[in-house]
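Remarks on the overall topology
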Amino acid sequence: MLLAASTATLPDDAAHADAYDTDADGAEPEHSAELEEVSFLRDHRPNSFWYKPLMRATLVLVSLALLLGLAGQIVLHERDRIVALQPGLKPWLLAICGPLNCTLSALRRIESIVIDSSSFSKIRGDAYRLNFTLKNTASTALAVPAMELTLTDSRDQPVVRRVFLPSELGVKFESLAADAEWTTSLAMAVNASASVDRVVGYRLLAFYP
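In what follows, the accompanying structure is described. Remember, predicted model here, so these are calculated numbers, not experimental data.

1. Focus on the packing of aromatic side chains
The final tally for this structure, using the stated rule, is 4 aromatic pairs. Measuring from centroid to centroid gives 5.7 Å for F120 and Y202, while their planes differ by 40°, and the two rings are tilted. Placement of F120 in strand β1 (residues 113-124) and of Y202 in strand β8 (residues 201-207) is noted, with a sequence separation of 82 residues between them. Ring centres of F173 and W182 lie 6.0 Å apart, and the angle between their planes is 90°; this geometry places the pair in the edge-to-face category. Exposure remark for W182: the relative accessible area of 12% places this residue in the buried category. Within the aromatic cluster, the residues linked to one another by ring pairs are F120, Y128 and Y202.

Quick look at the structure:
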């Protein structure tokens, strides 16, 4: 009797399992070993250079020094404004400015200085009198400005121009308090060579030199 030869095939799942085992026995360990040597994994280990206590402390100190330097520059640049807002800090800022050879002065903000009223009249001959009132519209004290007086002719062209510094105006204080007004009167003579007869008007301007 002849027996028919038969062949058996493994199920698909078993075939796949054998293939996986073959790969696992061969390539998988080698691939895992390569991953362990990747550079960026080594850089994040606890013994990295940037994670050392000494280096971290150095970075913190450098950051603090940079912040202090920046704060110092801001204080020096805004020192006049700081004193205007906080007068009690003036002794401290004076102590800082001493070694640095800087000065403290009243805050300047010309847009807040208003010429509230003014007049220019002839007294006699070449003698004139200038009257004006300055008003500080800011909420802080501001430096007293200089004044520019321009005498004009009938065509509004300048005939004489003169600048008066605060010291020439008789000012005995450095700053004008918040919301305060200051009125002054100044007598002056106009040189005859300046064609006094041509003077018919004037312009008055407040500014900081």
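On we go from here.
2. Describing the state of the cysteines
Scanning the model with the defined rule gives 1 disulfide in all. Between the sulfur atoms of C97 and its disulfide mate C102 the distance is 2.2 Å. On the sign convention where negative means left-handed, the S-S torsion of about -105° between C97 and C102 marks this disulfide as left-handed.

3. Notes on the side chain of T140
In this structure, T140 sits in the loop between β2 (127-136) and β3 (142-143). For T140, a relative accessible area of 10% gives the class buried. With sequence-adjacent residues up to four places away left out, T140 is seen in contact with A84, L85, L107, L176 and A178.

4. Some thoughts on the pattern of salt bridges
Following the criterion strictly, the structure yields 3 salt bridges and no others. E148 is the salt-bridge partner of R161, the closest N and O atoms lying 4.0 Å from each other. With R161 in strand β5 (residues 158-164) and E148 in strand β4 (residues 146-152), this pair connects stretches of sequence that are 13 residues apart. Residue R161 is classed as partly exposed on the basis of its relative accessible area, which comes to 49%. With its nearest N and O atoms 3.3 Å apart, the salt bridge here joins R162 to E168. Taking relative accessible area as the criterion, E168 reaches 37% and is therefore assigned partly exposed.

Definitions and cut-offs
- Residues numbered from 1 in each chain as written.
- Predicted model: local features only at pLDDT ≥ 70, side-chain atom pairs only at ≥ 80, totals over all residues.
- Heavy atoms only, no water.
- Phe/Tyr/Trp six-rings, centres within 6.5 Å; stacked < 30°, edge-to-face > 60°.
- Helix = DSSP H or I, 4+ residues; strand = E, 2+ residues; numbered from the N terminus.
- Buried < 20%, exposed > 50% of the residue type's maximum accessible area, 1.4 Å probe, protein only.
- Disulfide = S-S within 2.5 Å.
- Contact = heavy atoms within 4.5 Å.
- Salt bridge = Lys/Arg side-chain N within 4 Å of Asp/Glu carboxyl O.

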